[in-house]
Structure formats: C-alpha cells, structure tokens
Amino acid sequence: MAKVLMKGNEAIGAAAIEAGCKYFFGYPITPQSELPEYMAREMPKINGVFLQAESEIAAINMVYGAAGAGARVMTSSSSPGISLKQEGISYIAGAELPCLIVNIMRGGPGLGSIQPSQTDYFQATRGGGNGDYRLVVLAPANVQELVDLIIEGFDIADQYRNPVMILGDGMIGQMMEPVEFKKPKKRELPEKDWATTGTKGKRKPNIINSLYLAAEELEEHNKRLQEKYKAIKENEVKVESYNIEDADIVVAAYGTTSRIAKTAISQLEKEGYKVGLIRPISLWPFPYEEFNKISDKCKGVLTIEMNTGQMVDDVKIAVNGRFPVYFYGRTGGMVPTPNEIAEKVKESMEVKSNGCSI
Amino acid sequence: MEERIVVAGFGGQGVMAIGQLLTYAGMIENRHVSWLPSYGPEMRGGTANCNVIVSDEAIGAPVIEEASAVIVMNKPSLDKFEDNVIKGGKLLINSSLIDKKAVRNDIDIYYIPANEIASELGNDRVANMVILGAYLEATKLVKEESVLEAFTKVFGENKAHLLPLNKEAIEKGMEAAKEQEKAMV
Amino acid sequence: MAVVFEKTRGLTDVQTHYCPGCTHGIVHRLVAESLEELGVLDDTIGVAPVGCSVLAYKYFNCDMHEAAHGRAPAVATGIKRVHPDKFVFTYQGDGDLASIGTAEIVHAAHRGEKISTIFINNAIYGMTGGQMAPTTLVGQKATTAPYGRDEAHAGRPIRMAEMLATIHGAKFVERVAVNTPANVRKAKKAIKRCFETQINGEGFGIVEVLSTCPTNWGYTPEEALKWLEENMIPYYPLGNFRTPEEVE
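Cut-offs used in this document
Numbers given for residues are sequential positions, taken from 1 along each chain in its written order. Both sets of labels track the order of writing: A upward for chains, 1 upward for ligands. For this predicted model, a pLDDT threshold of at least 70 governs which residues receive local features, and a threshold of 80 or more governs which side-chain atom pairs are given and counted, while totals over whole chains, interfaces and linings are taken from all residues. For helices the rule is a DSSP run of H or I covering at least 4 residues; for strands it is a run of E covering at least 2, with both sets numbered from the N terminus onward. The burial criterion counts other C-beta atoms lying within 10 Å of a residue's C-beta, which is placed from the backbone; the residue is buried at 20 or more, exposed at 12 or fewer, and partly exposed between these limits. We call two residues in contact if the C-beta atoms placed from their backbones are at most 7 Å apart. Our radius of gyration looks at C-alpha atoms and nothing else; its globule reference is 2.2 Å times the residue count to the power 0.38. Pairing between two strands is assigned when DSSP locates at least 2 bridges connecting them. The axes are straight lines fitted to the C-alpha atoms, using for helices just the contacting stretch, and the angles between their N-to-C directions are given from 0 to 180°. An angle below 35 degrees is read as roughly parallel, one above 145 as roughly antiparallel, one from 65 to 115 as roughly perpendicular, and any other as oblique. Classification convention: Asp, Glu, Lys, Arg as charged; Ala, Val, Leu, Ile, Met, Phe, Trp, Tyr, Cys, Pro as nonpolar; all other residues, Gly among them, as polar. The handedness of a crossover follows from its direction of travel: if, with the strands pointing away from the viewer, the path from the first strand over the helix to the second runs clockwise, the crossover is right-handed. Core membership is restricted to buried Ala, Val, Leu, Ile, Met, Phe, Trp, Tyr and Cys residues, and these are joined into a nonpolar core through C-beta atoms within 7 Å. Note that the domain bounds were set by an automatic or database domain assignment. Two helices crossing with the near one rotated counterclockwise from the far one by less than a right angle form a left-handed crossing, whereas a clockwise rotation gives a right-handed crossing. Helix span is expected to be 1.5 Å times the residue number reduced by one. Values of pLDDT, which run from 0 to 100, indicate the predictor's confidence residue by residue.

The helix and strand tally for chain B stands at six helices and six strands. Dimensions along the principal axes, computed over C-alpha positions, put chain B at roughly 40 × 40 × 40 Å. Out of the 185 residues belonging to chain B, those deemed buried represent 52%. Counted over contacts in chain B with a minimum sequence separation of 6, partners at least 24 positions apart contribute 60%.

Now the structure itself:
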C-alpha cells in the first residue's frame with residue numbers, strides 16, 4: 001500500500017480499522033477530537049459502531065461491555081478524560097479483557113492546558129486505577145510508529161487479555177506525516193471462548209467479573225495476573241537505542257520528546273560530543289535491561305520529559321546507581337527545543353562526577 | 001538537506017493548506033516530511049501557523065525554532081516570526097496585507113502582493129497559492145507538478161475543477177518572485 | 001402426578017445470599033421465568049450491578065457481566081452494540097441506578113438503547129448496610145440519616161420511572177411492587193412486556209420494582225411488606241408510564 005499523509009489522530013482511527021476494530025466509544029476532548037470525528041465518519045462505512053458516550057466514564061464502560069462480548073474495541077481521550085476512565089480501566093484489567101485505550105496527553109494537573117505534554121507517565125505506567133494491575137503502555141515517536149503500535153497493540157491486548165494504552169501527546173495527535181499500513185508480526189491469538197455471546201444452551205454461562213469476595217480466591221487471581229505481567233515483561237519490551245556503548249552521556253526520552261532529543265544529539269555530534277540515546281517505546285514494560293549496555297565511561301544519564309520528572313524514577317531504577325541521573329523537563333505545553341536540550345547535555349557533562357544527581 | 005518552513009497568517013487565509021501541499025508534494029518526491037499545526041486558542045488570535053519540514057533524512061524535532069523559510073500572510077505573523085529565519089534564509093511577505101517592511105538585512109526578502117494578484121485572477125481566496133508559487137520559485141524545494149498532484153490529495157477529488165485556477169495562481173506567484181529576484185541582484 | 005410448579009431453567013442451582021424476607025429472590029425468579037418463556041434465555045447477556053444484587057451473575061443461568069457501580073447501562077450498551085441480535089438486560093438497585101448511575105441510565109434511555117432494565121427500589125442501600133438512598137422516603141431512618149431523611153437537607157426522594165418516562169427513547173416504563181401475590185403477577189406481566197419491547201426492537205424499557213429490605217428497614221418480613229404498601233406505594237404510584245404504542 002502506498003504512503004499517505006495523515007494527521008496522527010486520524011491515523012490512529014485508520015490503523016484501528018485496519019486492525020479489525022469495529023467498535024469505538026468516546027467523548028470529545030481536545031487535542032484528540034479528530035479521532036472520534038474520524039471514527040464517526042468511517043465506522044458506518046464498515047458496518048462498525050461509533051458511539052459518542054455521555055461521558056468518558058460511560059465510554060470506558062461501553063468498552064468494558066463490548067470487550068467482554070468478544071469485540072476488538074477502542075476508546076480514546078486526553079488526560080482529564082483518561083482520569084475519568086480509570087475506574088473502568090481497573091475493571092477491564094481485573095476482568096482480563098483486551099482493549100485499546102489512547103491517551104493524547106495535555107498539560108495538567110486538573111483541567112491544565114490543551115498543549116502537548118507527557119504528564120500522565122505515572123498514571124499510565126503504574127496502573128492509574130485501584131488495585132495491582134498493569135497496562136501495556138506504548139509511546140510512539142512518529143505517526144508511522146503510532147500506526148504500527150496501534151495495529152500491534154490490538155494483538156498484544158488479545159494475546160494477553162489485557163488493556164493496552166497508547167500514550168501520545170497533542171503534538172503527535174495533531175501533526176501530519178506519511179504512513180503506510182503494514183501487517184504486524186504474526187502472533188498466536190487465543191480463542192475468545194470466555195466472551196459473553198449467549199450460551200445457545202450449549203455451554204455453561206460465561207461470566208465477566210472482577211469480584212472475588214473470598215480472600216484466598218482474590219489472592220490466587222492476583223498471583224495469576226502477576227504471572228501474566230511477568231510474561232509481558234519477558235516478551236514485550238520495546239526500545240530503541242543509539243550509540244550507548246560509546247557515549248559520554250546518554251539521553252533517555254520517549255515519544256515526541258525523543259525526536260527533539262535526536263535533533264539535539266545530531267547537533268552535538270557535529271560539535272564533537274558523543275551522546276547516546278535510549279528511547280523506551282514500551283513504557284510498561286520498561287526497558288530496564290537496556291541501561292546495562294551503557295559503557296562504563298559514560299558520565300551520566302539525562303532524562304528529558306515534558307513533565308516535571310516522572311520517567312526519571314524508572315531511569316534511576318534502571319541505572320541502579322551506576323551513573324548520576326539528571327533531569328530536564330518542560331511543562332504546561334512548553335516543548336523543549338533542540339538547543340535547550342543540547343545545552344542541558346553539555347551542562348550535565350560538566351557536573352563533577354561525584355555520584356550526585358537530581 | 002533539510003528545509004524548515006513556517007507558514008503563518010490568520011485563520012481562513014489558507015496557511016495550513018500551503019503547509020499541507022508542500023508536505024504532500026515532498027512526500028510525492030520521496031522526501032521525509034512532517035507538518036505540525038498550531039492548535040487551540042492560538043488559532044483564534046493573530047496567527048495560525050504550521051511548521052513544515054522536508055528533509056533527505058528522518059525528521060527529528062517537528063517544531064521549528066530556526067526556519068530556513070518563513071511565509072507570512074498578515075502583519076502579526078511578520079512580527080512574530082521574522083526573527084526565526086536563519087541567516088541567509090528566505091522570508092516571503094504578503095505585501096497586500098502587510099504594509100511595513102522587514103527589519104532583517106541578512107536574509108532574502110520577497111514582497112508578494114498575493115491578495116492583489118489573486119483578485120486579478122478573479123478569486124481572492126487563491127492568495128495563498130500565489131505566495132506558495134513565489135516560495136516554490138524562491139527555493140525550488142519541490143516541483144510545481146508535485147504540488148499540483150498533491151492538490152486533489154489534500155482538497156479531495158471534488159475540488160479538482162479548481163485546479164486550473166490554482167495552477168495559474170501558483171505561476172503568477174512564481175513570476176512575482178522572479179521580479180523580486182531581479183530587484184535583489 | 002401433574003406438575004404444578006417447576007423452578008425455571010433461567011436460574012442456577014446456587015443458593016442466593018439474600019436476607020430472609022428480601023424480595024430480590026422473587027424478582028430474580030420473575031426475570032428468569034420471563035427469559036425462559038420468551039425463548040431468549042440462551043441468547044441473553046445479563047449485566048449485574050454493585051449493591052445487594054452484585055452476585056446476580058451467579059444466579060441467572062445465562063452469560064453475565066459484572067459492571068462497576070452504576071455503569072450497568074453503559075456496559076449493556078457496549079454488549080448490545082456488539083451483539084444487536086442478543087437479549088441484553090441490566091439488573092440494578094436504587095443506589096446503583098438512581099444515584100451513582102443516573103447519567104448512564106438517563107443516556108441509555110435517551111439513546112433508545114435496545115436493552116431492558118430491572119430497577120429494584122427498596123428505598124435504602126442494602127449491601128453497604130442501610131445508608132440513605134435517593135429513594136429513601138422523607139422521615140425514613142437510615143444509617144446516614146439517623147434522624148430520618150430531612151427534606152430540607154437531602155431533598156425529596158427521586159421518582160425514576162416518572163423521570164425516565166419523559167425521555168423519548170424510553171418506550172416502556174412501568175412501576176410495579178412485589179408485596180402481594182396479585183402484585184407479583186402484575187410485575188411478571190410488566191417484565192415480560194418490557195422484555196418484548198427489546199425483542200421487537202422498539203427501544204429502551206425499564207420496570208421499577210418496589211421491594212422490601214426487612215434487614216435494613218428493621219422490620220420482620222411481614223411488617224416490611226406492610227410498610228411498603230403503606231409508605232412506598234403512596235409516594236411511588238404503581239402503574240404504566242409508557243408503552244411503545246404511546247410513543248410516536
């Protein structure tokens with residue numbers, strides 16, 4: 001298929017339809033409204049369903065119902081709307097249902113702003129709702145990768161019966177880049193024999209549920225969830241890294257921030273600096289192991305985010321005291337420039353290596 | 001080679017369309033491209049703008065700080081973006097709506113009376129295509145044919161009948177830029 | 001020997017957790033019998049609420065989905081949109097439907113969602129231990145209204161059936177009670193008619209069932225039935241508020 005130029009938000013919709021998603025439940029919120037608008041236009045053409053729910057809470061619960069009924073289903077929102085969805089996300093994770101949730105992040109807390117931000121890293125990677133659960137969280141850096149991760153994300157969700165979150169920001173949602181739609185790697189996807197489809201009088205009732213009143217049963221259930229998360233950690237880490245074996249300093253950044261960092265790194269290389277990059281694509285599971293490959297001569301790891309320092313916690317866990325960890329962030333919709341990042345890289349290299357970090 | 005273009009004006013002047021046409025044309029010519037709009041309340045103020053990058057290599061930051069070219073369709077946009085042009089870069093000014101001169105003397109400046117030319121063509125709305133034509137002449141970034149091929153992709157087949165008018169507007173803009181270049185020499 | 005009564009296939013053999021004298025059991029039976037008699041049981045997906053009937057998924061002998069508190073109509077919407085040919089019902093209490101889930105029930109009705117809702121109104125939060133519900137009567141005591149519901153403080157109880165009957169998409173709305181055998185028979189008839197509204201593709205239907213909660217009301221089962229008749233029915237009049245024929 002030839003490349004087409006698409007806006008990130010619309011590309012999400014096209015990718016979902018390409019992946020066989022026929023159900024979308026959502027609620028308008030900037031900066032992702034082009035996605036529900038696209039779905040409203042396109043779903044009827046494929047006999048699918050677009051439904052504008054009365055709230056984000058209702059939308060995620062419609063997803064909960066549709067996922068339980070065995071469908072490939074998606075919802076999307078932006079930060080404050082994703083907060084409203086947390087209840088449903090927790091139930092979906094607890095009941096072990098597959099679905100795709102898109103968060104096109106904006107500045108926070110509260111109503112915040114509508115400009116690009118990465119302020120929901122904690123919420124996304126730590127669960128967000130109540131209980132010990134995890135979402136698979138994928139953070140694309142360009143529109144092509146956004147499309148690829150949406151398509152693969154549905155498969156990951158089905159394979160593990162787990163919600164998958166695509167974490168983007170207003171910039172990737174609003175920008176246009178060329179995309180082509182490719183088949184993802186082949187996975188063995190289990191039959192959805194647990195779905196609520198009516199018994200037809202031929203089997204015992206299927207029950208979609210996250211309630212376990214007996215403590216022993218709930219503990220067993222949680223252990224099983226943890227086993228599943230362990231398998232995801234083993235199989236689904238995605239990371240891009242660049243020049244980390246030879247770098248004097250390594251930048252850690254994800255999503256759109258990482259591509260700004262790349263511009264900064266190529267500027268710095270022209271000036272003779274050796275700068276590496278680790279770009280987590282899966283934020284959960286986080287690519288902790290990748291940081292072990294950083295050469296011993298490295299003077300530090302600089303985390304760059306459009307927030308006040310959230311992924312930096314994971315970077316510190318990954319670095320585990322080997323190097324000082326520095327942080328630079330912009331918030332509120334302010335986007336760091338390549339020059340700013342380049343300056344921070346230089347500053348970080350000048351810090352006396354006494355193990356002190358932020 | 002990486003061309004970083006900021007196109008700015010007020011809503012309704014077709015600045016987003018200029019950007020999309022350049023982006024699509026770049027894609028047709030197998031270059032790496034990105035288009036990033038300003039969005040939200042800013043669009044309702046003095047300047048709507050978009051950042052377009054056309055590059056031979058994968059694109060890093062889609063946000064443009066240092067533009068190799070800036071196209072401004074109204075005065076607030078000139079005030080806002082003149083300083084973003086890199087030394088030796090190009091600044092295209094819609095002189096129909098901007099009565100002041102640019103301050104910079106280290107860049108190539110084109111004063112294109114885009115609205116007047118468009119009016120002469122019988123449709124004020126193609127002013128954006130006039131200045132796009134001037135830009136194409138000034139930079140040779142992409143071929144005119146690529147932009148025309150992009151036209152129906154961006155605006156839809158049902159706008160194909162407007163292609164001759166828009167082609168004429170682009171070519172008038174090219175002529176205007178050539179005139180300006182004579183003056184520069 | 002002639003069989004005069006048989007337990008419906010619509011219920012499982014699991015013993016319910018309901019208190020002595022609670023009318024949930026009666027309503028479960030009416031729902032299950034209706035599903036069986038209408039021939040849709042094996043094509044049914046039920047949605048259980050949070051509240052006393054949270055474990056309803058164990059009792060109905062069909063596919064079941066346990067929703068979050070108040071969200072059953074949204075969950076049912078998701079199911080019905082995926083399986084428009086299946087029968088989908090929600091079973092909700094008054095805290096669930098009339099308090100935390102008002103947005104979901106109003107908008108399911110507003111969209112004319114082709115689902116059916118059984119709404120148990122017993123004027124109290126049962127599962128959590130007798131707190132005030134939006135349906136608790138003025139003067140009625142609850143653990144969070146220890147001096148009785150004060151209208152000036154908490155307002156008057158909400159009449160859901162009347163409210164929903166103002167919504168165009170709600171094609172069947174009826175309030176029934178299960179305090180006497182005659183009323184139980186009427187309730188069954190209403191539930192079947194409500195279900196037919198969905199089967200015929202006519203739109204959203206709801207039956208509000210006035211029920212007892214002897215445990216949290218602090219009455220014997222018999223007293224509770226009497227209290228329902230003397231206090232609830234005067235405030236919550238029984239009857240049909242809407243049939244598909246009435247809605248153009």
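Looking now at the overall build of chain C. Broken down by element type, chain C carries 10 helices and seven strands. Here the C-alpha radius of gyration of chain C, 17 Å, is about what a compact globule of 248 residues would show, namely 18 Å. Going through the 248 residues of chain C one by one, you find that 57% of them count as buried. In chain C, the proportion of contacts linking residues at least 24 apart, taken out of those at least 6 apart, comes to 67%.

For the rest of this paragraph, the subject is unusual backbone geometry. Residue and element names in this part refer to chain A. For the bond from G108 to P109, the omega torsion is 0°, close enough to zero to count as cis. Among the structural elements, P109 can be located in the loop between β5 (99-105) and α5 (121-125). Of note, the bond from W284 into P285 is cis; its omega dihedral lies within 30 degrees of zero at 0°. By the element assignment, P285 lies in the loop between β13 (282-284) and β14 (301-305).

A separate point is the sheet that holds strand β9 (residues 207-208) of chain A. Pairing is mixed across the open sheet formed by eight strands, whose spatial order is β9(A)-β2(C)-β1(C)-β3(C)-β4(C)-β6(C)-β5(C)-β7(C). Whereas interior strands pair on both sides, the edge strands pair on one side only; in this sheet they are β9 of chain A together with β7 (239-242) of chain C. Contacts from helix α1 (residues 24-37) of chain C reach β1 (44-48), β3 (87-93), β4 (116-121) and β6 (204-210) of chain C within the one sheet, and its direction differs from that of β4(C) by about 165°.

Residues and elements named next belong to chain C. It is the contact of helix α3 (residues 72-82) with helix α5 (residues 102-110), at a shortest axis distance of 7 Å, that shows an interaxial angle of 40°. Looking at the two axes, α3 sits oblique to α5. Where α3 approaches α5, its residues P73, A74 and T77 are matched on the opposing element by E104, I105 and A108. Here the contact of α3 with α5 is built from residues that sort into four nonpolar, one polar and one charged.

All names here are of chain A. Side chains M176 and P178 of strand β8 (residues 176-179) all project onto a buried face; the interleaved residues E177 and V179 project onto the opposite face, where all are buried too. Across four bridges, the pairing between strand β1 (residues 4-7) and β8 is antiparallel. Counted as the bridge partner of K7 is M176 from β8.

Chain A puts 21 residues into the contact, and the matching count from chain B is 16 residues. Of all the secondary-structure elements, those providing two or more residues to the side of chain A that touches chain B are α7 (170-174), β8, α9 (255-270) and α11 (338-350) of chain A. Looking at the side of chain A that touches chain B residue by residue, the class counts come to 10 nonpolar, seven polar and four charged.

Turning next to the pairing of strand β3 (residues 49-52) of chain A. Residues and elements named next belong to chain A. Inspection of the sheet shows strand β2 (residues 23-26) paired to β3 by four bridges, in the parallel sense. Each residue of the ladder has a partner; that of Y23, found in β3, is V49. For the crossover that starts at β2, traverses helix α2 (residues 34-42) and ends in the parallel β3, the hand is right-handed.

Moving on, we come to the interface of chain C and chain A. Tallying the contact residues gives 28 residues for chain C and 35 residues for chain A. Elements with a minimum of two residues in the side of chain C that touches chain A: β1, β2 (63-66), α3 and α5 of chain C. Per element, the largest residue contribution to the side of chain C that touches chain A is eight residues, and it comes from α3(C). Across the side of chain C that touches chain A, the residue classes tally to 13 nonpolar, seven polar and eight charged. Sheet topology note: the β9(A)/β2(C) ladder contains two bridges and is parallel. Residue pairing in the sheet places I208(A) in a bridge with H65(C) of β2(C).

Looking now at the arrangement of the chains. Contacts are most numerous, across the two pairs of chains in contact, for chains A and C. Nothing in chain B touches chain C, and the closest approach of their C-alpha atoms is 29 Å.

Counting buried residues in α3(C) gives 11 out of 11 residues, a clear majority hidden from the surface. Within α3(C), burial applies to A72(C), P73(C), A74(C), V75(C), A76(C), T77(C), G78(C), I79(C), K80(C), R81(C) and V82(C).

Counting residues in hydrophobic clusters, the biggest one holds 261 residues, and the most contacted among them are L100(A), I150(A), V250(A), V251(A), V130(B) and I131(B). Shared between two domains, this core takes at least three residues from each, and those domains are domain 1 (4-235) and domain 2 (240-350) of chain A. Sequence-distant contacts of I131(B), that is, excluding residues within four places in its chain, are made with I71(B), M73(B), L92(B), N94(B), I112(B), A114(B) and G173(B).

Another point: the packing of helix α1 (residues 8-18) of chain A against helix α6 (residues 143-160) of chain A. Helix packing geometry: the angle between the two helix axes and the distance between the axes. Residues and elements named next belong to chain A. Running from amino to carboxyl end, α1 crosses α6 at an angle of 30°, the nearest separation of the two axes being 8 Å. The angle between the axes of α1 and α6 places the two elements in the roughly parallel class. Note that α1 runs across α6; the crossing there is right-handed. On α6, the residues touching G8, A11, I12, A15, A16 and E18 of α1 are V143, L146, V147, I150 and I151. A breakdown of the residues in the contact of α1 with α6 according to their chemical character gives nine nonpolar, one polar and one charged.

The next point concerns the sheet that holds β3(A). Pairing between sheet strands relies on hydrogen bonds along the backbone, with the strands arranged either parallel or antiparallel. Residues and elements named next belong to chain A. With mixed pairing, the seven strands of this open sheet are ordered in space as β3-β2-β4-β5-β7-β6-β13. Two strands close off the open sheet at either side, each with one partner strand: β3 and β13. Taking each pair of neighbouring strands and ignoring which way they run, the sheet shows an average axis angle of 20°. When strand β6 (residues 136-138) meets β13, the two strands line up antiparallel, connected through two bridges. Bridging from a neighbouring strand, V137 pairs with W284 of β13. Of the strands in this sheet, β4 (73-77), β5 and β7 (163-169) touch α1, which is tilted by about 175° from β5. Of the strands in this sheet, β2, β3, β4 and β5 touch helix α3 (residues 56-68), which is tilted by about 165° from β4.

This next bit is on the environment of L268(A). Residue and element names in this part refer to chain A. Here L268 is to be found in helix α9. Given 21 C-beta atoms within 10 Å, L268 falls into the buried group. Spatially, the C-alpha atoms of L268 and P140 are 24 Å apart, while their sequence positions differ by 128 residues. Setting aside chain neighbours within four positions, we find L268 in contact with Y273, V275, A342 and V345.

Here we come to α9(A). Residue and element names in this part refer to chain A. Look at α9: 24 Å from first C-alpha to last across 16 residues, which is about the 22 Å you get at 1.5 Å a residue. Of all 16 residues making up α9, 12 are buried, and the element is well covered by its neighbours. Considered for burial, the residues of α9 that qualify are G255, T256, T257, S258, R259, I260, A261, K262, T263, A264, I265 and L268. G272 occupies a position one or two residues after α9 and carries a positive phi of about 95°.

This next bit is on the confidence of the model for chain C. Summary statistics for chain C give a mean pLDDT of 97 and a share of 100% for residues scoring 70 or more. On the interface metric, ipTM, the complex scores 0.95, and its pTM is 0.95.

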